[in-house]
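As a plain string of letters, each chain reads:
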Amino acid sequence: MFGMSPTNLFSVLRIRHVILSAATFLILGSTASDAQTVNEQLEPVGIFNAAQDLHEKGDLKGAVSLYERAIAALPEFPEAEYQLGTAFLALGNIEAAEKAFRRALELRQDWTLPMARLGSILIERGRNDEALSLLEKVVEIEPQNSPALTALTELRIATGASPAVLRNLLSTISEMTAKANPTVSLWTARSALEMSLGQHEMAKSSLVKALALEPDNRLALAQLGDISLANGDITSARKIVARLDADREPFGPYLILKANVLAFDGKFDEAMTVLDTFKGNSTRADELRSRIKVARSTDPTDLEKQMEKRGRDVAILGRLCSMYRQSSPSKALEYCRRAAEVEPGNVSHAVGFGAALVQAKEYEAAVDILRKLISIAPDNSTARANLATALFQLKRYPEAKTEFIWLTNTQPKAPGAYYFLGIVHDHMTEYMDAAANYQQYLRLADPVQNKTDIERVNLRMPELQRLIKESKGKK
């Protein structure tokens, strides 16, 4: 995961031991006794080089066997310990990898390669304090150590570090991405920090650069899914989850993304099942569990009492914003506004505010806010639906038509948009288009839930067909 490429590292380690062996030969001289000593020194190096050949070819088990032989022949062999750790890591044996990296550090205390690897393993195992200590030491020794900085980013975000700490880390990583040939891991680390600080468009730009380098990078795809969700683009988020579902080795960011998508769709039990498979500690996972618990609540009075005890809890504010839209639009507006203040980087709260304005029949204000939101998050279907509704109520039919067409194109199996688009075309005397959309609505609508609207359409269709037959209306 971290460190220089295996090929480069193998070359460095080989060169080092060739130099050491040559130096040993010169110092010891050429007596028979000394020649025997040199041969004893060379034997583990030869085994180590053979192990690296197998490692490069992908024979990990064979490489492990030879690394262990080299260490048995020369117990104080930090390079072999490090490479043994990387082979165990590739085999999924985390405990053995941790042991090997620790031994490498015992033999060479300030060696940053095993230090960064070990830090990453400790994060995975939830031992955050020790991981933080190690990674900070790496960065102290090598301020621009890419593997350590990316692991440190993961740790800082997972443990809910302050915005000041995140901004400082972002500044360092941004400087590194500005240099020649930045790695994918640096771009994903930068994106994660930008996302955490509410800089969604900048985060998306960083991910575009990461995916240009490695189109199938799992972490970059999961982060892009997070941004899609934050912008209310559930369709794109679902597509990314489906793409990552094919991966045989699920990983933390993907699991949290999948749980978030399931929660968005109201599948709370499934979301919790996914979260239960998540290993390690994560502020994001804990917050999602809390949001799901709040989302399951059906008693706004109880949530308001919790708010009094817990202060500005954004999950509760968001839920109250949603729950009061029908029964008390004025209350909904207040809770939506407060949620947006607490979490300004989350566009869903502002969308909720716009939806509450629609429920309160403050259509002009809703249009102003929702248009601004769509300029920021053009794929947010909730914002589009509420904007379409507000425009429809204001009888601004040409503008409403644009929004309803967008909805039918992006959500072709949702009947509601076809119904209102049919009415809009009808009002604009575009009778053929009206009939086409009404018919599509009748194909998709639920006969029980949509009984009243289906009856209205069926009553309108004969007159509409007469008008079309008589060539009335716009062509």
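Everything that follows concerns the structure shown earlier in this document.
About the cut-offs
Residues numbered from 1 in each chain as written. Predicted model: local features only at pLDDT ≥ 70, side-chain atom pairs only at ≥ 80, totals over all residues. Heavy atoms only, no water. Phe/Tyr/Trp six-rings, centres within 6.5 Å; stacked < 30°, edge-to-face > 60°. Lys NZ or Arg CZ within 6 Å of the ring centre and 35° of its normal. Axes fitted to C-alpha atoms, helices over the stretch in contact; angles between N-to-C directions. Helix = DSSP H or I, 4+ residues; strand = E, 2+ residues; numbered from the N terminus. Parallel < 35°, antiparallel > 145°, perpendicular 65-115°, else oblique. Left-handed = near helix turned anticlockwise from the far one by under 90°. Contact = heavy atoms within 4.5 Å. Nonpolar A, V, L, I, M, F, W, Y, C, P; charged D, E, K, R; others polar. Salt bridge = Lys/Arg side-chain N within 4 Å of Asp/Glu carboxyl O. Buried < 20%, exposed > 50% of the residue type's maximum accessible area, 1.4 Å probe, protein only.

Enquirer: I tried to follow the packing of aromatic side chains on my own but got confused; where do I start?
Expert: Aromatic ring pairs are described here by two measures, namely the spacing of the ring centres and the angle between the planes. Applying the stated criterion to the full structure yields 11 aromatic pairs. Site record: aromatic cluster; members linked through ring pairs are Phe392, Tyr397, Phe404, Tyr419, Phe420 and Tyr441. Sitting over the ring of Trp111, Arg108 keeps its end group 4.5 Å from the ring centre. Just above the ring of Trp406 sits the side chain of Arg384; from NZ or CZ to the centre is 4.6 Å.

Enquirer: Sorry, what's going on with the packing of helix H13 (residues 234-245) against helix H14 (residues 252-264) here?
Expert: For any two helices packed against each other, the geometry comes down to the angle between their axes and how far apart the axes lie. At their nearest, the axes of H13 and H14 sit 10 Å apart, and the two run at 135 degrees to each other. The pairing of H13 with H14 is recorded here as oblique in orientation. Between H13 and H14 the crossing geometry is left-handed. Listed contacts from H14 to Ile234, Ala237, Arg238, Ile240, Val241, Leu244 and Asp245 of H13 are Tyr254, Leu257, Lys258, Val261 and Phe264. Here the residues of the contact of H13 with H14 sort into nine nonpolar, no polar and three charged.

Enquirer: Would you explain the pattern of salt bridges in this entry?
Expert: Pairs may arise between side chains of opposite charge once their charged atoms sit close together. Scanning the model with the defined rule gives 27 salt bridges in all. For Lys401, the salt bridge is made with Glu430, and the minimal N-O distance between the two is 3.3 Å. Taken together, the residues span a long stretch of sequence, with Lys401 in helix H23 (residues 397-410) and Glu430 in the loop between helix H24 (415-427) and helix H25 (431-444) at a distance of 29 residues. Here Lys401 and Glu430 have matching classes, each one buried. Between Arg466 and Glu470 there is a salt bridge, with the nearest N and O atoms lying 2.8 Å from each other. Of the residues examined, Arg466 reaches a relative accessible area of 34% and is grouped as partly exposed. Each of Glu98, Arg102, Arg127 and Glu130 takes part in salt bridges that share partners, so that together they form one network.

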